[in-house]
Amino acid sequence: ELYANFPGGQKISSDAWQLMIDTANAHYQPGVFTTFIGYEWTSMPDGQNLHRNVIYRDTDVPPIPFSSLDSGNPEDLWDALDAQRDSGKTMMAIPHNGNVSNGLMYDRKQVDGSAITAEYALQRTRNEPVSEILQIKGTSDTHPLLSPEDEFADFEILSAQLNASGDFSEPRGSYSRDALRAGIEYSHAEGFNPYRFGVIGSSDSHNASTSVEENNHHGKLPLMDGTAGIRLAKSIFLPGSMQRSRKWGAAGLAGVWAQENARESVYDALARKETFATSGPRMRLRLFGSFDYTAEMLQSPELLEHAYARGVPMGGELSARTIDSEGITSPTFIAWVAKDPEGANLDRLQIIKGWVDAEGSSHERIFNIALSDGRKPDANGEVSAVGSTVDVASASYTNSIGATQLRAFWRDPEFDRAQAAFYYARAIEIPTPRWSTYDAKRLGVEALDPVSLQERAISSAIWYQAN
């Protein structure tokens, strides 16, 4: 039907898809450089972003992809992917830009307004094992209005929809932490969880390069932010809707713990959610959970082997059945992070916990589990800031503060075996200049606020499933 009134339309789409396939295959070098065959499903009703990136595990792909021209309803996309899966193909859809979806990306109802069901939850988690939460068009981890007690929630927040008017994007239903909380509420009340997904970051650049370094940020779209002068509105005048690029960030990257640099291995790691997101720096973040870890494991040269053998990595699940059989009272976690070898030192390592109470309401709390420079929480649990070495005029910083690595053993001090919960790790860098500060230095103009930022890495969650 789509192509009935457009002669040659089917062939144009088929030829473009074949070019993508050929390009991905031509540049794939197992062990050196991994490419995936994929495309972007670009549904955006009234400027409310529902984009997904669809990627295939191997070369068994359809003759033509299911696009947003076929349907802008993500549930129809899942139906199409399920049909492809039934024919032997392996693929996933990865949501991105949830922050500008106006609450639709992780809504608490189906597209037609009906209640979320167990079947919907299974289909969604089957097709969307990970979500993108850090990229050029802002952060989709959490929002200050959703996490008012999180001092690091106000990071690269973009609250305007992508429509011409730039209407405010409703935070609830647009951010991943809120979705994870909604998921455990469903688990408590209904026995199913539609929002059990891992996380990645991506650049989302449309200029054939990865623009993630703050000091080498070259934008997303050349017309809108291709030069420092355009980004800071110093060289040409752009209409209001095109000046939004000044709010965009230099982010992000996907971290994937795969056995080898090859399509099948990387895809499988994405599918099992053993992934993390960074806002651009190449930090390396690990998180493992168990009912059988000890603090002494941190000193073992076989730490990684023990962590896998005695627990689960990010993306995994801890079961109450273990408590029943072993008589253990609370889960334990091991987390560690290494800085980007060419980037900034680390401020702190945290665990973000979400849980659901007996009434079915979810809550969240942030635990600082490792701090740089010998800092300790005070009597009220507060932690002093790491400080800042940023010099705005020269757009520079030094690594005279912070740590190159942080690691910790942590036991949940507030665990209740009857409460479903999730845990994920967040590593925070020391302050560094933002891309706009580097641009201001190049142009000899005053830097925009914020002049600095604290980049981060965020892991996929580990879930605790109560009885």
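Preceding this paragraph is the structure being described.
Residues numbered from 1 in each chain as written. Predicted model: local features only at pLDDT ≥ 70, side-chain atom pairs only at ≥ 80, totals over all residues. Heavy atoms only, no water.

Here's the deal with the environment of Asp292
Now for step 1: Mapped onto the secondary structure, Asp292 falls in the loop between strand 9 (284-290) and helix 8 (303-310).
Now for step 2: Setting aside chain neighbours within four positions, we find Asp292 in contact with Arg310 and Thr332. (Helix = DSSP H or I, 4+ residues; strand = E, 2+ residues; numbered from the N terminus. Contact = heavy atoms within 4.5 Å.)

With respect to the pattern of salt bridges
Now for step 1: Evaluated as defined, the whole model comprises 30 salt bridges.
Now for step 2: Between Arg348 and Asp347 there is a salt bridge, with the nearest N and O atoms lying 3.2 Å from each other. Considered together, Arg348 and Asp347 belong to a single accessibility category, that of buried residues.
Now for step 3: As a salt-bridge pair, Asp347 and Arg375 come within 2.5 Å of each other at their nearest N and O atoms. (Salt bridge = Lys/Arg side-chain N within 4 Å of Asp/Glu carboxyl O. Buried < 20%, exposed > 50% of the residue type's maximum accessible area, 1.4 Å probe, protein only.)

Here we look at the packing of aromatic side chains
Now for step 1: For the coordinates displayed, the defined rule picks out 17 aromatic pairs.
Now for step 2: Where Trp78 meets Tyr120, the ring centres are 5.4 Å apart and the plane angle is 70 degrees; that geometry is what we call edge-to-face. Of the two residues, Trp78 sits in helix 2 (residues 74-86) while Tyr120 sits in helix 3 (residues 118-127), which places them 42 residues apart along the sequence. Per residue, the accessibility class of Trp78 equals that of Tyr120, and both read buried.
Now for step 3: Considering the side-chain rings of Phe288 and Trp336, the 5.9 Å spacing of their centres and the 20 degrees angle between planes classify their relative orientation as stacked. Taken together, the positions of Phe288 in strand 9 and Trp336 in strand 12 (residues 332-338) put the pair 48 residues apart, joining distant regions of the chain. (Phe/Tyr/Trp six-rings, centres within 6.5 Å; stacked < 30°, edge-to-face > 60°.)

Structural notes on the sheet that holds strand 4 (residues 130-135)
Now for step 1: Spatial strand order, 5-4-6: three strands in an open sheet with mixed pairing. Because the sheet does not close on itself, it has two edges, and the strands there are strand 5 (138-139) and strand 6 (198-201).
Now for step 2: Pairing between strand 4 and strand 5: two bridges, direction antiparallel. Each bridged residue has a counterpart across the sheet, and for Leu134 the counterpart in strand 5 is Thr139. (Pairing = 2+ DSSP bridges.)

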